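Listed below, chain by chain, are the residues.
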Amino acid sequence: SHDVGMDDRRDVAFVTGAGGGLGAPIVRRLAADGFSVVATDIDGAAAAAHVDGVQHATSLQLDVADIDACRQAIDQAASVGRLAVLVNNAAIFPSGPFVDITVAEYDAAHAVNQRAYFFTAQAAARHMAKQRHGSIVNIGSITQHGGWPNIVAYATAKGAAAAFTRALATELGQYNVRVNCVAPGAFPTPAEDMQPDGYEATIFAGQALQRRGRLDEIAATVSFLCGDDAAFITGQTLNVDGGW
């Protein structure tokens, strides 16, 4: 991996949850797009492994539930180049019947899947507003629309990500900072480990396209929303779900 400070001519992109799932291909795509990418994950070794060999990407161990650590990491990234992109992607997937969810389980889901989005974006927006440039992409989920059992805490937080996106886009538009949400459908990530047998048949019954989504297709959508071709797009939630 390369230290971000080695090439401060490149705009900086900050990605959470980069140790696996959707995050790793997002990091690779944004690096290929020309950003210096700060790839963060609570599993620092996983983040480091995913940026190994990726030019213009560096890894950082970060627990997004620790707001002070998020602020420090954002400020550090902004000190080595123009902070142009934030991708809020880190998430946890508590699963179980609604009537059994504990306060601790709900609080953990809220801390990672919602509160972290809010305050990491706040830290980034302070830099983006001053430079009058920036794109924030929040990773949501089509589960916010219902239809999946045993993930109420997760779906609640993902619904909040979409609402947060709309509200924040309204407020930051005056600074030429855009905020959008990408809502993946059923992609092959560790989140699927909690799903029952027959899950893939359920997916194909729900989707218009009869194949599984590829993780690089999420990365491509994030890339589009971060780039100049999306310069007049803000406040939107873009479903990438095969026509569910």
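Residues numbered from 1 in each chain as written. Predicted model: local features only at pLDDT ≥ 70, side-chain atom pairs only at ≥ 80, totals over all residues. Heavy atoms only, no water.

**Student:** A description of the pairing of strand S1 (residues 12-15) should follow, citing residues and the corresponding values.
**Tutor:** On S1, burial covers both faces: Val12 and Phe14 on one face and Ala13 and Val15 on the other are all buried. Examined bridge by bridge, S1 and strand S2 (residues 36-41) share 4 bridges and lie parallel to one another. By the bridge assignment for S2, Val15 is matched with Ala39. Running through helix H1 (residues 23-33), the crossover from S1 to the neighbouring parallel element S2 is right-handed. (Buried < 20%, exposed > 50% of the residue type's maximum accessible area, 1.4 Å probe, protein only. Helix = DSSP H or I, 4+ residues; strand = E, 2+ residues; numbered from the N terminus. Pairing = 2+ DSSP bridges. Right-handed = clockwise from strand over helix to strand, strands pointing away.)

**Student:** Describe in detail the packing of helix H3 (residues 67-78) against helix H4 (residues 103-131), supporting the description with residues and values.
**Tutor:** Relative to each other, H3 and H4 sit at 30°, their axes nearing to 9 Å. In terms of their interaxial angle, H3 and H4 are classed as roughly parallel. Here the hand of the crossing between H3 and H4 comes out right-handed. Packed against H3, whose contacting residues are Ile67, Cys70, Arg71, Ile74, Asp75 and Ala78, the element H4 presents Arg115, Ala116, Phe119, Thr120, Gln122, Ala123, Ala124 and His127 at the interface. (Axes fitted to C-alpha atoms, helices over the stretch in contact; angles between N-to-C directions. Parallel < 35°, antiparallel > 145°, perpendicular 65-115°, else oblique. Left-handed = near helix turned anticlockwise from the far one by under 90°. Contact = heavy atoms within 4.5 Å.)

**Student:** How would you sum up the environment of Phe93? Please name residues and give values.
**Tutor:** One can find Phe93 in the loop between strand S4 (83-88) and H4. The class for Phe93 is partly exposed, based on a relative accessible area of 33%. In this structure the C-alpha to C-alpha distance between Phe93 and Thr165, which are 72 residues apart in sequence, comes to 21 Å.

So yeah, pure geometry; function would need other evidence.
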